[in-house]
Amino acid sequence: MISGCPAFSPRGRGDRSGYKRGTARGLRTPQRPVPAGITARRVSPPSPLRPTLSGSAAARARSAGPAPYPARTDGARQRAVKMSVLYLLFLSLLPSFSQGRVVGKDEAGFAECNVFFPGRVPPEGFTEPFHVKICQQYNGEPRFATLYSTKDKIPLYSAFKYAGTARSGAEESWLLEPQIDDPENDQREMVLEADVVGTLDNLGANQALTSDYVGSGYERGLLNPSSLNKEDFQMATYTLTNAVPLRPSLSKTWHSNIERVVEQALVPHCSKKDQLYLLAGAIPSSVRVKGKVSVPETLWLAACCDAPEGWSLGLVKKVGDESSLADLTVGELEKQLLAGLDLFKGNCGEDNESNEKMEAILQAVSQIRSGEQVGTNDNEEAKDSGLVRKVVGIIATPFIKLLELLIYLIVELVKFMFYILWLVIKRVGSTILNGVYSLWNGTVSYLKAISMVLISIPYDVGRVITNIFLGFLGIIQDVAVITYRILRIPMGFVLHLASFPYYSICAIPSVVKDMATGIGGTFSLAIDATASILHGFYYVASHIAKRFVPKGSSGD
């Protein structure tokens, strides 16, 4: 299911002109210019924002685990949470904005737009795979239904219910449906063409664009005319999925024709408690605007008054002859359009229609074609009563203005009361939310503290038991060490005492040996000393003798 959200601007009524019955005769009348108006600005509802954590922040938050004590939330975060809750509550009270969605193949008919067909049953017989069903919506409410041909890039028909005509017009603002060209696109609103140029795949592949009409000599003619709608219903008509290429003069003539027929011939013969259903369509031709958008060869209108003694009527205009306008039964219209076509369920009471009503309707259509105002037989009476109506109008005008002022004051007072009520509800709601938020924080903190205490009890008990066991083992170790040290003192003394004689006797030979070695060394040292002294004396004597005894004496 694909949805969108268009915003539209209203347009003034089409020009009024004369009518032509059949194709043999016609009537051309002067046309009025279309009044200019004010462009309605498209508004899209903001989406609520939800705070999120980045990857690293989320990881830190997960690794940190629960705090041992409840953490205090700062004021900014509390205010953000409160405002988010209030904002979502406020959005839930607002009506949704304009939408237009392509109806899914798994949905029956036109889904919620089935209300624009008698018995909630759409026409049967349009079965081509390139036919797309669109439920045109505005401000969250269905406004009319359209069957669109992606092959010809024009609507085949638009179905709507007569809800009154517009009293003022506004400059038109055209939109398109992105998901007709790109079903996978996530753009779920009807948007201005300039907003999606360069960002939408296959733009214009399955639907007409504004650029297709520029410089072509054709204008975007509405199948569901804005002049037969008012308020939101009128604003919803300005979409390219409701437009076909028409010459400007033909567009004005066609809209003027069907407006006069509906208002002056059909509506007076369908009571307010009954519903007047209208189908406005076009038959594509082989002529293409810029080789892309099909120019209709025929325009048609089918009307059905859904009542116990209902009636139906068809109108056909050949595009090649602007003055042509033929009226025929719905059955005859179905044969001209498509074999096996069924526009209205059960032909909308065509079998039980009132002959008197049909004669009156055809007479009214005939009077329109002839350029007369409907009910010209009563013109004289109307002239006589015209002066009376003017006088009554002049007298009643001040009272009407006073009544309008009173109504205005009452409406403003009611608005002011609702505003005060909203402020009170807002303040009370804020107080309640603060209390609920504080209670929730306190409950969570209390449960968290109790959980931490309950979790710590088994741990503390285990730790005490472990400490007791380790203390008992330490006592046993200390007793063993003391006992060992006490027993170790006398055993060492006895062992040293017993080993003394052994060590003493074993040391005697070593001592004697050492004494003998000492005595021998002493005698050896004395002998060596004496020999050294004598050798020294000898050396000195010989040296003196050599020095003082003459050498000659010695030779003799």
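Residues numbered from 1 in each chain as written. Predicted model: local features only at pLDDT ≥ 70, side-chain atom pairs only at ≥ 80, totals over all residues. Heavy atoms only, no water.

Some words on the overall build of the protein chain
Then comes step 1: The secondary structure content of the protein chain amounts to 11 helices and 10 strands.
Then comes step 2: Sorting the 556 residues of the protein chain into buried and exposed places 34% on the buried side.
Then comes step 3: Partitioning the contacts of the protein chain with sequence separation of at least 6, the portion at a separation of at least 24 is 69%.
Then comes step 4: Accessible area for the protein chain stands at about 34,200 Å²; split by element, carbon and sulfur atoms hold 63% of it. (Helix = DSSP H or I, 4+ residues; strand = E, 2+ residues; numbered from the N terminus. Buried < 20%, exposed > 50% of the residue type's maximum accessible area, 1.4 Å probe, protein only. Contact = heavy atoms within 4.5 Å. Areas by Shrake-Rupley, 256 points an atom, 1.4 Å probe, with all protein chains shown as cover.)

Concerning the pattern of salt bridges
Then comes step 1: Using the criterion set out here, one finds six salt bridges in the structure.
Then comes step 2: Note that Lys292 is salt-bridged to Asp212, the shortest N-O span being 3.1 Å. Placement of Lys292 in the loop between strand E7 (275–289) and strand E8 (293–306) and of Asp212 in helix H5 (residues 210–213) is noted, with a sequence separation of 80 residues between them.
Then comes step 3: Among the ionic pairs, Asp460 bridges to Arg463, the shortest N-O distance being 3.3 Å. Of the two residues, Asp460 and Arg463 are both situated in helix H10 (residues 379–548); the distance of three residues between them amounts to about one turn of the helix. (Salt bridge = Lys/Arg side-chain N within 4 Å of Asp/Glu carboxyl O.)

Looking at helix H8 (residues 330–337)
Then comes step 1: All of the buried residues in H8 are Val330, Gly331, Leu333, Glu334 and Leu337. Along H8, the residues classed as buried sweep out an arc of 160 degrees about the axis, all on the same side.
Then comes step 2: Structurally, H8 contributes buried residues whose contacts are with E7, E8, strand E9 (311–318) and strand E10 (326–328). (Arc of directions from axis to C-beta.)

As for the packing of aromatic side chains
Then comes step 1: Throughout the structure, instances matching the rule amount to three aromatic pairs.
Then comes step 2: Ring geometry for Phe110 against Phe117: centres 5.4 Å apart, planes inclined by 40 degrees, an arrangement best described as tilted. Assigned by exposure class, Phe110 and Phe117 land together as buried.
Then comes step 3: Under the relative-accessibility criterion, Phe110 is labelled buried at 1%.
Then comes step 4: Among the aromatic residues, those joined into a cluster by ring pairs are Phe110, Phe117, Phe126 and Tyr157.
Then comes step 5: Between the NZ or CZ atom of Arg143 and the centre of the ring of Phe233, over which it lies, the distance is 4.7 Å.
Then comes step 6: Its guanidinium or amino end placed over the ring of Tyr218, Arg247 lies 4.0 Å from that ring's centre, counting from NZ or CZ. (Phe/Tyr/Trp six-rings, centres within 6.5 Å; stacked < 30°, edge-to-face > 60°. Lys NZ or Arg CZ within 6 Å of the ring centre and 35° of its normal.)

Some thoughts on unusual backbone geometry
Then comes step 1: Positive phi is not limited to glycine here, since Ala111 has a value of about 55 degrees.
Then comes step 2: Here Ala111 lies in the loop between strand E1 (100–102) and strand E2 (131–138).
Then comes step 3: With a relative accessible area of 15%, Ala111 lands in the buried category.
Then comes step 4: Despite not being glycine, Lys290 shows a phi value in the positive range, around 55 degrees.
Then comes step 5: Inspection of the secondary structure assignment puts Lys290 in the loop between E7 and E8.

Thoughts on the layout of surface pockets
Then comes step 1: Reported here for the largest pocket is a volume of approximately 470 Å³.
Then comes step 2: Surrounding the largest pocket, 20 residues form its lining, Val103, Lys105, Pro129, His131 and Val132 being those nearest its centre.
Then comes step 3: For the lining of the largest pocket, the elements supplying multiple residues, two or more each, are E2 and helix H3 (178–181).
Then comes step 4: Sort the elements by how many residues they give to the lining of the largest pocket and E2 lands first, with three residues. (1 Å grid on protein atoms, 1.4 Å probe; cavity = no way out; pocket = protein on both sides within 12 Å on 5 of 7 lines; lining within 4 Å. Points joined across faces, edges and corners; volume = space filled by probe spheres on them.)

So, the environment of Gln367
Then comes step 1: Locating Gln367 in the fold gives a position in helix H9 (residues 355–369).
Then comes step 2: Separated by 102 residues in the primary sequence, Gln367 and Ala265 place their C-alpha atoms 9.4 Å from one another.

Focus: the pairing of strand E4 (residues 154–161)
Then comes step 1: Most of E4 sits out of view: seven of its eight residues are buried.
Then comes step 2: Both strand E3 (residues 141–149) and E4 contribute to a ladder of five bridges, which runs antiparallel. Considered in E4, the bridge of Leu147 is made with Tyr157.
Then comes step 3: Linkage of E3 to E4, two consecutive antiparallel strands, is achieved through a turn of four residues, within which Lys153 is found at a positive phi near 60 degrees.
Then comes step 4: Judged from the five bridges that link them, E4 and E7 form a sheet pairing that is antiparallel. Bridge pairing links Ala159 to Leu279 in E7. (Pairing = 2+ DSSP bridges.)

Here's the deal with the state of the cysteines
Then comes step 1: Under the criterion given, the structure shown has two disulfides.
Then comes step 2: Note on cysteine connectivity: Cys113 is disulfide-linked to Cys135, with sulfurs 2.0 Å apart. Residues Cys113 and Cys135 are joined by a disulfide whose S-S torsion is about 75 degrees; by sign, that bridge is right-handed. Linking Cys113 in the loop between E1 and E2 with Cys135 in strand E2, this pair joins segments that are 22 residues apart in sequence. Each member of the pair, Cys113 together with Cys135, is buried.
Then comes step 3: Put simply, Cys270 and Cys305 are joined by a disulfide, and their sulfur atoms are 2.1 Å apart. (Disulfide = S-S within 2.5 Å.)

Side note on the environment of Glu172
Then comes step 1: In this fold, Glu172 is placed in the loop between E4 and H3.
Then comes step 2: In this structure, the C-alpha to C-alpha distance between Glu172 and Thr237, residues 65 residues apart in sequence, is 9.6 Å.

All quantities given are derived from atomic positions and should not be read as evidence of function.
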